[in-house]
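Below, each chain spelled out in residue letters.
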There are 4 protein chains.
Amino acid sequence: MTQNPVRLGLIGTGRIGQVHAANIASDPETTLSWIADPFVSGAESVASRHGGRVTDDPEELLSSGEIDAVLVASPTPTHVDLIARSVELGLPVLCEKPIDLDIDRVDALRPRIAAAGVPVALGFNRRFDPAFASVRERVAAGEIGPLEQLTIVSRDPAAPPAAYVAVSGGIFRDMTIHDFDMARFFLPDIVEVHATGSTTFDPGAREHGDFDTAVTTLRAASGAVVTIVNSRHSAVGYDQRLEAFGARGSLQVANAPTSLVSLSTAEAVEAKPPYQDFFLERYAHAYAAELRAFVSLVHGRASSSPSFDDGRAALVLADAATRSAREGVAVAIDLS
Amino acid sequence: MTQNPVRLGLIGTGRIGQVHAANIASDPETTLSWIADPFVSGAESVASRHGGRVTDDPEELLSSGEIDAVLVASPTPTHVDLIARSVELGLPVLCEKPIDLDIDRVDALRPRIAAAGVPVALGFNRRFDPAFASVRERVAAGEIGPLEQLTIVSRDPAAPPAAYVAVSGGIFRDMTIHDFDMARFFLPDIVEVHATGSTTFDPGAREHGDFDTAVTTLRAASGAVVTIVNSRHSAVGYDQRLEAFGARGSLQVANAPTSLVSLSTAEAVEAKPPYQDFFLERYAHAYAAELRAFVSLVHGRASSSPSFDDGRAALVLADAATRSAREGVAVAIDLS
Amino acid sequence: MTQNPVRLGLIGTGRIGQVHAANIASDPETTLSWIADPFVSGAESVASRHGGRVTDDPEELLSSGEIDAVLVASPTPTHVDLIARSVELGLPVLCEKPIDLDIDRVDALRPRIAAAGVPVALGFNRRFDPAFASVRERVAAGEIGPLEQLTIVSRDPAAPPAAYVAVSGGIFRDMTIHDFDMARFFLPDIVEVHATGSTTFDPGAREHGDFDTAVTTLRAASGAVVTIVNSRHSAVGYDQRLEAFGARGSLQVANAPTSLVSLSTAEAVEAKPPYQDFFLERYAHAYAAELRAFVSLVHGRASSSPSFDDGRAALVLADAATRSAREGVAVAIDLS
Amino acid sequence: MTQNPVRLGLIGTGRIGQVHAANIASDPETTLSWIADPFVSGAESVASRHGGRVTDDPEELLSSGEIDAVLVASPTPTHVDLIARSVELGLPVLCEKPIDLDIDRVDALRPRIAAAGVPVALGFNRRFDPAFASVRERVAAGEIGPLEQLTIVSRDPAAPPAAYVAVSGGIFRDMTIHDFDMARFFLPDIVEVHATGSTTFDPGAREHGDFDTAVTTLRAASGAVVTIVNSRHSAVGYDQRLEAFGARGSLQVANAPTSLVSLSTAEAVEAKPPYQDFFLERYAHAYAAELRAFVSLVHGRASSSPSFDDGRAALVLADAATRSAREGVAVAIDLS
């Protein structure tokens, strides 16, 4: 490859921003050119490790003329404006999920992106996990026959603080949104959503009218049914499993072991240590692959990046699930 | 034990009737005294193997004065009358599920049973499976903390014939009813039902307005959520799994292996043979334990048998799920 | 099948004798006709459950004229005389392992059996275990290519009492003898034996000059190498595993689970209860299948029963292993 | 840590040399200063990726005055002289196994190292594998009680070329030597060696009087017994398992999975893709940890690096196993 490295501007230096920075630094196809964060000390800390110029103002980064594309890892409320400004400047964007908590703002942005003709990718990193990606490929290859059911178990290690819950948009927009995108990774055309929410343990969820426990079922146009089982906590570690069930068999993704060692005693046999406890660990490979796919997109090569419309679709499903869980109705969906 | 064996009358000699007959014959606490089946050759075949007098008329069996209790394994439409007549005669009954497909007939029977004061047990055999029973006991003992989610995967090996589907009452009353009882084995007080049904492969289901694929979620009064994933077929064999998820961990029931042998080659490693393919195999121990519990009930000893009201509750949930799947609404439940 | 049931005489009513009695009673092809035990109350107890006439004198059983074949489950020192007398009377014998602890007595018996032309089967029950039998069949069918290594892990739940160790003939003749037969089930033609013995925990073994820990390697004429890892105790329950390793892959036999349930908590995940703790549980199916094979042998039909010569071969290997472990030499074997 | 990075000289740029170079480059505590290889293009290729000056003459590297320590990854016959020269110059050495194929040369070197007082570490990388290291730590902590048996299955993916076999020193010195060191990682004081070798598939082994299949048993001073099962090929991928068996239970190391995905169909269930196929993949973490331990050693801090004497001990065991397999005798060992 003789192309120059893609010069990237990173906006936001929280947990995911830091992961992006490290991946950019170690990928020969990318350079970290500019870093923006209102908390400029965070940006400076990242720059000291991985290089790049620093600003507390994203606009300085965007209009620097020294970047080829933008990574948006700032808080959700900033996403729409940053995407809009980036595409206005002709800069491709990889934006963390969700685009926004308000579908109206998303829909207002949609025609501007279409008009600009600049690629916008959504940070649904799980599409790049080797296990999920391989199952999708094998399903597409017909290995288990027509897909009839997709069952996703997705539980976070621990519930977020109440203050976060208050502004999160609720469990479906904040957490299940990843699972909605995973569902659409296999079955893009979802036509109906049922959801059941409950509060079983988290006072923060109760206080803010949110759920800590949820089960969502999605019906695809093909008739296939997706089940998503969520909890905001999991004593055994991050619980991320999937089963694709088809007419001829099933493909299953197990939790990632943290060790090859098992213990057998008179009390219990074949006991293993708990699973990985954090999404950055579990999806480390996925974040790196997501960056490589975005680089392909920037270069105009084929890319498996989820699009702006994928980000919008996940939000539509999250809104529908929120309504279904609150009102006790199935919600019909039209993603076209 | 110095009590005489319980003299049992068996009505119906289909698959389950035959299992009961063999278990009665090999249990020292029971004797197979009378066998009734309109297809009298079936009754005669059972009698030749396990003893007992034979009739084509259940009434002859019930009024023989030679039985202490009745096992009803005849077709569903006969259950209500046979239970009614048995309790009238003071004979405890173990009746196969469902009591009936019509909740009105079940409700009409209810006060007659209460008035008679004769025990009626429902044949929800899975409560007696050693794995499910042990998980329930460990959950009750607090091993995983408060129960927050119960996830049941229940798939039959192959879809029934279209003629059977036509009279089955639909997937929820015919198949999921076992899972509804399993849900109530852990969480008796269910307050809400959502269901999604779909037809993905079975022309018989399509023809008769039934589903071959279904996902049901139940909310318990405690807030715990039950998910039931059903399919009418399963290429890998009978698929019967359960996960009880609590605040401190989870207990899982795996499918029953058919062999201790696994194969590893350059193509795949640790491959095992398919699971048991038939409910009579998978639940062989459960049927025997169910009989022992019924004998306890007949003797007036403590019994873990599911009651008539458990049978009614499962039907109420099945009716609600049928409505939910058809009308796209959550259905509130009052089982009191 | 129109043949009359085989009338069996059972000599010895210890643990294995009782298993045989129950299997005979429940097998329609066999009848328990006579039971002999010097401790006649043991014989009477068995007869009360499973039928049969009782004596304290094996000769009365053998010469009764009322039996078609003999099961010898009495102490090892009685085996040679009982086999000799049985074949003299034309009665096929199924004798528990080992034939004797003294190869000279075995060799003296050998021509008498050959001359009598009466079938003698050895009670190497593990050949009838469904898992081991299936692996052997699949190896023979070429599923893993030429067999290069066979690795057997065989550990008893707990060491026997010192008094038993004193007369046991040592770990190789008493315990490993089953594994020697399993080795020959796959690779009959063993040409060399190396053994290492050690005493790591059992004062009884130390006191009587025996080992509680042993590893034996056998070389087959084909070049394949067998490894047998033994311990007289195992905290996790009866440990009975096998790996057949071939040029194209391997087949493995896992320990038998006692439950389908696993527990996951913050301390450990996928923990299962300990394995079956007793050989009668682990090999229950094998004892029943062994009886059926012996019935075939008695009827002159094809039988997979291990022969007297198989019993002799296992003892030859046990003697060689004992010598190898004591003297630190490899011992060449000629089983022809 | 404010210490300057350790300036390393790397001798040999084959497979392991390249791994070392990449690890040095990505470890902030180390710098790759000099690279020597008679095939200077290999050294140049490494330098272009990871930096460092290049020479075809190791002496130039050693006497450059620009390195603090040496990594020897050149062919075995060069090891003794390079170690000798390094310690003469006061440079700590990490040398790949084996030190040499000739114990006399090793013993001649021993006093020179002792006299120099310069640390020499042996590249037994498996000690740094997280799984093996954790099992050893847990055994030492008493988690399974006194260690009674250690069982190692160690099979390479594919046999080396005949030309390599010819100069390898034989399977015990070339391949099992890693397992001998693993045995001593748990049980340093080995007192007896039995070995059985066989040739089952590899014409190269046969041609050069070597084995392709071997089983070795080691007796430790404590009475514990180690079993090592080796093959030069493995259809399922690199097979590296270990079981530590103690009085109170066992700890097992499974093969490293290459995916979280399993496939279930009507033919087989829970089938996973083959294991990692190459030692550089399987032990990637171990090589990095080995480097960090060596840096500690160079800094005079505590280090878990295996020593020169560990390297000698493994060769003593390999020599003993070679003799045992050829002559059919157990060989007593004195490692003191």
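Rules behind the numbers
- Residues numbered from 1 in each chain as written.
- Chains lettered and ligands numbered in written order.
- Predicted model: local features only at pLDDT ≥ 70, side-chain atom pairs only at ≥ 80, totals over all residues.
- Heavy atoms only, no water.
- Helix = DSSP H or I, 4+ residues; strand = E, 2+ residues; numbered from the N terminus.
- Rg over C-alpha atoms; globule rule 2.2 N^0.38 Å.
- Buried < 20%, exposed > 50% of the residue type's maximum accessible area, 1.4 Å probe, protein only.
- Lys, Arg positive; Asp, Glu negative; His and termini not counted.
- Charge placed at Lys NZ, Arg CZ, Asp CG, Glu CD.
- Pairing = 2+ DSSP bridges.
- Contact = heavy atoms within 4.5 Å.
- Axes fitted to C-alpha atoms, helices over the stretch in contact; angles between N-to-C directions.
- Least-squares fit on C-alpha atoms with pLDDT ≥ 70 in both.
- Domains from an automatic or database assignment.
- Buried area = accessible area lost by both parts, 1.4 Å probe.
- Salt bridge = Lys/Arg side-chain N within 4 Å of Asp/Glu carboxyl O.
- Polar contact = N/O pair within 3.5 Å; in protein donor to acceptor, adjacent residues only side chain to side chain.
- Nonpolar A, V, L, I, M, F, W, Y, C, P; charged D, E, K, R; others polar.
- Phe/Tyr/Trp six-rings, centres within 6.5 Å; stacked < 30°, edge-to-face > 60°.
- Lys NZ or Arg CZ within 6 Å of the ring centre and 35° of its normal.
- Parallel < 35°, antiparallel > 145°, perpendicular 65-115°, else oblique.
- Left-handed = near helix turned anticlockwise from the far one by under 90°.
- Right-handed = clockwise from strand over helix to strand, strands pointing away.

### Points about the overall build of chain A
Counting its regular elements, chain A contains 12 helices and 14 strands. For a compact globule of 336 residues, the expected C-alpha radius of gyration is about 20 Å, and chain A comes in at 20 Å, within 12% of that figure. By principal-axis analysis of the C-alpha atoms, chain A measures approximately 60 × 50 × 45 Å. A total of 336 residues make up chain A; the buried ones form 60% of that total. Taken as two groups, the 28 positive and 43 negative side-chain charges of chain A have centres that lie 3 Å from each other.

### Here's the deal with the sheet that holds strand β12 (residues 249–253) of chain A
Note on sheets: strands pair through backbone hydrogen bonds, and any given pair is parallel or antiparallel. The mixed open sheet is built from eight strands, whose spatial order is β14(A)-β8(A)-β9(A)-β10(A)-β7(A)-β11(A)-β12(A)-β13(D). Unpaired on one side and paired on the other, β14 (331–332) of chain A together with β13 (261–265) of chain D mark the two borders of the sheet. Pairing analysis gives seven bridges linking strand β9 (residues 213–220) of chain A to strand β10 (residues 225–231) of chain A, with the strands arranged antiparallel. By the bridge assignment for β10(A), A:Thr216 is matched with A:Ile228. Contacting β7 (147–155), β8 (190–198), β9, β10 and β11 (239–246) of chain A, helix α8 (residues 171–186) of chain A crosses the sheet at an angle of about 150° to β7(A).

### What to know about the relation of the copies chain B and chain A
Laying chain B over chain A is done by rotating through 180° and shifting 0.0 Å along the axis; what remains is an RMSD of 0.0 Å. Here the two chains are linked by the operation of a two-fold rotation axis. Among all C-alpha atoms of chain B, that of B:Val329 lies closest to the rotation axis, at 2.2 Å. Taken together, the interface assignments show that 100% of the residues at the interface of chain B recur at the interface of chain A, consistent with an identical surface on both copies.

### Structural notes on the domain arrangement of chain A
Residues and elements named next belong to chain A. Along its sequence, chain A is organised into domain 1 (6–118) and domain 2 (126–280 + 307–332). Taking only C-alpha atoms into account, the centre of domain 1 sits 27 Å from that of domain 2. Taken residue by residue, the interface counts 15 residues in domain 1 and 17 residues in domain 2. A buried area of about 1,300 Å², summed over both sides, lies between domain 1 and domain 2, and 71% of it is on carbon and sulfur atoms. For the domain 1 face of the interface with domain 2, the top three residues by lost area are Lys97, Leu101 and Arg110, together amounting to 40%. Taken together, the connections running from domain 1 to domain 2 amount to two salt bridges. Between Asp309 and Arg110 there is a salt bridge, with the nearest N and O atoms lying 3.2 Å from each other. Along the contact surface separating domain 1 from domain 2 lie three residue pairs in polar contact (both at pLDDT 80 or more). Elements with a minimum of two residues in the side of domain 1 that touches domain 2: α1 (15–26) and α5 (103–116). The dominant element in the side of domain 1 that touches domain 2, judged by the number of residues it contributes, is α5, at six residues. Looking at the side of domain 1 that touches domain 2, its residues break down into nine nonpolar, no polar and six charged.

### Thoughts on the interface of chain A and chain C
By convention, interface size is frequently given as the accessible area that disappears when the constituent parts associate. Between chain A and chain C, the residue contacts involve 14 residues of the former and 14 residues of the latter. Both faces combined, the contact of chain A with chain C buries some 1,200 Å², and carbon together with sulfur accounts for 58% of it. Here chain A and chain C share two salt bridges between them. As a salt-bridge pair, A:Lys272 and C:Glu270 come within 3.2 Å of each other at their nearest N and O atoms. Joining chain A to chain C, the criterion identifies six residue pairs in polar contact (both at pLDDT 80 or more).

### Things to note about the pattern of salt bridges
For the coordinates displayed, the defined rule picks out 98 salt bridges over all chains. Of the charged contacts, one joins D:Arg7 and D:Asp68 as a salt bridge, the two residues approaching to 2.8 Å between their closest N and O atoms. With D:Arg7 in strand β1 (residues 6–11) and D:Asp68 in the loop between α3 (58–62) and β4 (69–72), the pair connects residues that are 61 residues apart, well separated along the chain. The partly exposed category is assigned to D:Asp68, whose relative accessible area is 28%. We note a salt bridge from D:Asp239 to D:Arg241, for which the minimum N-O separation is 2.8 Å. Each of A:Arg127, A:Asp181, A:Arg184 and A:Asp310 takes part in salt bridges that share partners, so that together they form one network.

### Observations regarding the sheet that holds strand β3 (residues 53–55) of chain C
All names here are of chain C. Across the sheet, which stays open at both edges, the six strands sit in the order β3-β2-β1-β4-β5-β6 with parallel pairing between neighbours. Taken across any chain shown, the strands that pair with only one partner, and hence form the sheet edges, are β3 and β6 (120–122). Pairwise comparison of adjacent strand axes, ignoring direction, gives a mean angle of 20° for this sheet. One ladder, built from three bridges, connects strand β4 (residues 69–72) with strand β5 (residues 93–95); its direction is parallel. What sits directly across from Leu71, in β5, is Leu94. In the packing of helix α1 (residues 15–26) onto the sheet, the strands contacted are β1 (6–11), β2 (30–36), β4 and β5, and the crossing angle to β2 comes to about 150°.

### Description of the packing of aromatic side chains
Scanning the model with the defined rule gives 16 aromatic pairs over all chains in all. Here the aromatic rings of B:Phe185 and B:Phe186 are separated by 5.9 Å at their centres, their planes lie at 85°, and the arrangement is edge-to-face. Here the aromatic cluster, defined as three or more aromatic residues joined through ring pairs, consists of A:Phe132, A:Tyr238 and A:Tyr283. Sitting over the face of the ring of C:Phe245, D:Arg155 holds its NZ or CZ atom 3.7 Å from the ring centroid.

### Observations concerning the packing of α5(A) against helix α12 (residues 308–327) of chain A
Residues and elements named next belong to chain A. At their nearest, the axes of α5 and α12 sit 11 Å apart, and the two run at 160° to each other. The angle between α5 and α12 falls in the class roughly antiparallel. Where α5 crosses over α12, the two elements pack in a sense that is left-handed. Contact residues: α5 offers Ile103, Val106, Asp107, Leu109, Arg110 and Ile113, while α12 offers Phe308, Asp309, Arg312, Leu315, Val316 and Asp319. When grouped by side-chain class, the residues that make up the contact of α5 with α12 number seven nonpolar, no polar and five charged.

### Focus: the interface of chain B and chain A
Taken together, the contact between chain B and chain A spans 37 residues of the former and 37 residues of the latter. Summed over both sides, the interface of chain B with chain A buries roughly 2,800 Å², with 53% coming from carbon and sulfur. Across the contact surface, chain B and chain A share four salt bridges. Where B:Arg241 meets A:Glu243, a salt bridge forms, and the shortest distance between an N and an O atom there is 2.8 Å. On the surface where chain B and chain A come into contact, there are 16 residue pairs in polar contact (both at pLDDT 80 or more). For the side of chain B that touches chain A, the secondary-structure elements that each account for two or more residues are β7 (147–155), β8 (190–198), β9 (213–220), β10 (225–231), β11 (239–246) and β12 (249–253) of chain B. The class makeup of the residues in the side of chain B that touches chain A is 12 nonpolar, 19 polar and six charged.

### Some words on the relation of the copies chain A and chain C
The operation relating chain A to chain C is a screw motion whose rotation component is 180°, with 0.0 Å of axial translation and a residual RMSD of 0.0 Å. Comparing interface residues between copies, 100% of those in chain A also sit at the interface in chain C, which points to an isologous, same-surface contact.

### So, the pairing of strand β9 (residues 213–220) of chain C
Along β9(C), seven of the eight residues are buried, which leaves the element largely enclosed by surrounding structure. Connecting the antiparallel pair β9(C) and strand β10 (residues 225–231) of chain C is a turn made up of four residues, with C:Gly223 showing a positive phi of about 100°.

### As for the pairing of strand β1 (residues 6–11) of chain B
Residues and elements named next belong to chain B. Among the six residues in β1, five count as buried, and that is most of the element. In this structure, β1 lies alongside strand β2 (residues 30–36), joined through six bridges in parallel fashion. Considered in β2, the bridge of Leu10 is made with Ile35. Handedness of the crossover joining β1 and β2 through helix α1 (residues 15–26): right-handed. Relative to strand β4 (residues 69–72), β1 runs parallel, the two sharing four bridges. Bridged to Leu8 within β4 is Ala69.

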